[in-house]
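Report on the structure
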Amino acid sequence: MKKSLLALGAVAALGGLGFSGAANAVWVVDSAANATAQTLSASTDTGVGHILVTPYFSTAGSTGTLLTVVNTDTTNGKAVKVRFRGAANSDDVLDFTVLLSPGDVWSASVAQGADGFSRMSSPDTSCVLPAQPTGEGVAFSDARLDTRLTAEARAAHTQEGYVEWLTMADIRPGTRLFTATKHKLVGGQMVAPCTSDVMAELMDPTTTMNVDEASAFGLTAPTGGLMGNWTIYNSGNVTSYGGANSAIVALDTTAVPPAPASARLFFAPQIGASNPTFPPNGGDVAWSTGTHLGETADPLLTNFDNGGPAGGPILQMLPFDLPDLSTPYVSGFGFAAAQSTALSAAMATSAVMNEWTAGSDNGVNFSTDWVFSQPTRRYHAAVNYGTGGATPAAVYNSLSSPFFYPPASMVKKTLGANGAFGTVLCLQDGIATYHAYNREEATIVPTFNGEWSPGTPVGKTPGFCGEVAVLTFGEQSKALNAQLTTYQIGSLPSGGAGWMSVGLPGVTTIGEATYAGGLPVIGYAANTFNTSVGSMVGNYGDAVTHRYKRPSGPAPAIVLPAPAVE
């Protein structure tokens, strides 16, 4: 049932959730070849899909974030993996599973706790795995962050990022799981029973299910139907900014026109374990020691040419790491690197365009922040923090790196004074081009303030740093309060307004292969203004989705090696 966003905004007490558990738990892993859908489309006007991405969340400074996910399917329930990733290096800072009933809405509030770490709270009665703690809610985790960072810096890395919402399975009517998750009228309120023995079965360390057993229990191939919204509120300037999540749809390309279809059934248990046991081969690729090579393109979790120890991943994969955006979801992509590259190509843009306002005019103060979110970059490039005195290193998945190709397009930099907030990957200076104009056709030559260490050379324009970068126009207070991976254009006229196009890398040549270019970027402009004169005294804000130019040409082709078989 629908919940009030205003009520969520009043939630102030938030708390912790740890990920732990036994080595085995229920897995349902079908072959991607059995999916009716052949490909993924990120270019959809419907806003409804199998997978959603919230481009940016924030609890930095005086901001907080409200989130909803809606099951528009009024017949089937949905099992949805929710994963919060940090803005700097896409580190997993919180993940869990939400079980939606038909027509259900799950809602949550994310705010900063007393220790600086983000915390999530939800008054919603929809079923969540693990069960939501009462009282203070769920604390974000620093387990995947650089251990050398101070507590303050680790907290900052949980305050900004983006969110993935992946439909792992439909919940079929007439089954035990459906009955356990379907809302019922209890004491005058509609609540989901979340029947304890059924929920326990999903978390039971001794439970295993094949596809037929899973169907009888209630888990079947996902058919999509998710939509959702986000709102960032800034109590410092009493404004809010909201919009729709980006949708990714699994399509049957044999239909005319192509239509949404069932994707791969891949239900992973919501646990971590010191020595996890993964399920047998799902039908496409083999499991290897400690990691499923075909199920993620994350260069920290695989052992394909990532600079990690021979024969093993840099990070130990845990069950809650799967699925992710690279996990094969449709029959056209039987291997993670193929899916991550194709999905990046579907999202790629050669230019990001939007409007801006900045400065003061007739007693009105304006400011604009642009969000540049790159939700597939993790599967091309990441940072290995190392241990002890080791220097953090850039690592790449050599099978899916055309969009963030080393070393020509990427460089390591540090965040904060003297690198206090750690290492981040950035586009090389000069790769992104900025063409700004005011409303009377005059060209504005941007100059940039607040650059990352070691700074941008004279005559070069800065590239995006981090998975989510925020660009501020003008000298007024920031609309979004972004602090981690943010930079500022300072050379704007007083009372200025206009538009800008940010060009991203064009045609890319790697060896003898040429790719269409562009980068997978989504985002929006958050605008704020306040006035203390006249009849319109107050603070105002809105968010406007970016417009894009798409590169022409086919997606990069990938020749896959034979996967290792244990």
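Residues numbered from 1 in each chain as written. Predicted model: local features only at pLDDT ≥ 70, side-chain atom pairs only at ≥ 80, totals over all residues. Heavy atoms only, no water.

Its 12 residues place the ends of helix α6 (residues 336-347) 17 Å apart at the C-alpha level, agreeing with the 16 Å of an ideal helix rising 1.5 Å per residue. Taken together, the buried positions of α6 are Ala336, Ala337, Ala338, Gln339, Ser340, Thr341, Leu343, Ser344 and Met347. (Helix = DSSP H or I, 4+ residues; strand = E, 2+ residues; numbered from the N terminus. Expected span 1.5 Å × (residues − 1). Buried < 20%, exposed > 50% of the residue type's maximum accessible area, 1.4 Å probe, protein only.)

With that out of the way, let us pick up the packing of aromatic side chains. One pass over the full model with this rule turns up 15 aromatic pairs. An angle of 65° between the planes, with centres 6.0 Å apart, marks the rings of Phe57 and Phe140 as edge-to-face. Within this pair, whereas Phe57 is found in strand β3 (residues 51-58), its partner Phe140 is found in the loop between β10 (138-139) and α2 (151-157), the two being separated by 83 residues in sequence. Exposure remark for Phe57: the relative accessible area of 0% places this residue in the buried category. Take Phe140: its relative accessible area is 5%, and that puts it in the buried class. Ring geometry for Phe96 and Trp106: centres 5.6 Å apart, planes at 55°, overall tilted. With a gap of 10 residues between them, Phe96 in strand β6 (residues 92-100) and Trp106 in strand β7 (residues 105-112) connect regions that are remote in the sequence. An identical accessibility class is assigned to Phe96 and Trp106; each is buried. Taken together, the aromatic side chains of Phe57, Phe84, Phe96, Trp106, Phe140 and Trp165 make up a single cluster linked through ring pairs. Over the ring of Phe404 we find Arg377; its NZ or CZ atom is 5.8 Å from the centre of that ring. (Phe/Tyr/Trp six-rings, centres within 6.5 Å; stacked < 30°, edge-to-face > 60°. Lys NZ or Arg CZ within 6 Å of the ring centre and 35° of its normal.)

Quick look at the pattern of salt bridges now. Scanning the entire structure with this criterion turns up 16 salt bridges. In this structure, the salt-bridge partner of Asp321 is Arg144, at a minimum N-O distance of 2.9 Å. Of this pair, Asp321 sits in the loop between β21 (291-292) and α6 while Arg144 is found in the loop between β10 and α2, placing the two residues 177 residues apart along the sequence. Where Asp197 meets Arg176, a salt bridge forms, and the shortest distance between an N and an O atom there is 3.9 Å. Placement of the pair is Asp197 in helix α4 (residues 196-203) and Arg176 in helix α3 (residues 176-181), with a sequence separation of 21 residues. A relative accessible area of 40% places Arg176 in the partly exposed class. Three or more residues joined by partner-sharing salt bridges are found here, namely Arg83, Arg85, Asp92 and Glu164. (Salt bridge = Lys/Arg side-chain N within 4 Å of Asp/Glu carboxyl O.)

Counting buried positions along β3 yields eight of eight residues, so the element is predominantly enclosed. Judged from the six bridges that link them, β3 and strand β11 (residues 160-171) form a sheet pairing that is antiparallel. Paired with Ser58 across the strands is Glu160, a residue of β11. Alignment of β3 against strand β17 (residues 246-252), held across three bridges, turns out to be antiparallel. Bridge pairing in β17 links Leu52 to Ala247. (Pairing = 2+ DSSP bridges.)

Here we have six strands laid out as an open sheet, ordered β10-β8-β7-β4-β15-β16, and antiparallel in their pairing. Each edge of the open sheet is held by one strand with a lone partner, namely β10 and β16 (239-244). Looking at chain direction, β7 and strand β8 (residues 118-121) are connected through four bridges and run antiparallel. Residue pairing for β8: Gln112 is matched across the bridge by Ser118.

Each neighbour pair has its own omega, and for Leu129 with Pro130 the value is -10°, a cis peptide bond. Positionally, Pro130 belongs in the loop between β9 (127-129) and β10. The backbone of Cys194 shows a phi angle near 50°, a positive value even though the residue is not glycine. By secondary structure assignment, the location of Cys194 is in the loop between β13 (189-191) and α4. The exposure class of Cys194 is partly exposed, given its relative accessible area of 24%. One non-glycine residue, Val238, adopts positive backbone phi at about 55°.

Glancing now at the nonpolar core. Counting 59 residues, the largest nonpolar core has Tyr56, Phe84, Phe96, Trp106, Met120 and Trp165 as its most contacted members. Here Phe96 is in contact with Val80, Lys81, Val82, Phe84, Trp106, Met120, Val128, Leu129 and Gln270, once residues within four sequence places are set aside. If you look at the next biggest cluster of nonpolar residues, it comprises 33 residues, including Phe403, Phe448, Tyr487 and Leu492. (Core = buried A, V, L, I, M, F, W, Y, C linked by side-chain atoms within 4.5 Å. Contact = heavy atoms within 4.5 Å.)

The next point concerns the state of the cysteines. Summed over the entire model, instances satisfying the criterion amount to two disulfides. Between the sulfur atoms of Cys127 and its disulfide partner Cys194 the distance amounts to 2.2 Å. With the S-S dihedral at roughly -105°, the linkage between Cys127 and Cys194 falls on the left-handed side. Of this pair, Cys127 sits in strand β9 while Cys194 sits in the loop between β13 and α4, placing them 67 residues apart in sequence. Judged by its relative accessible area of 1%, Cys127 falls in the buried class. Bridging Cys426 to Cys465, the disulfide has an S-S length of 1.8 Å. Disulfide Cys426-Cys465: torsion about the S-S bond near 100°, hence right-handed. Of this pair, Cys426 sits in strand β28 (residues 423-427) while Cys465 is found in the loop between β31 (448-449) and β32 (468-473), placing the two residues 39 residues apart along the sequence. Both residues of the pair, Cys426 and Cys465, belong to the buried class. Cysteine pairing for the chain (bonded cysteines numbered in sequence order): 1-2, 3-4. (Disulfide = S-S within 2.5 Å.)

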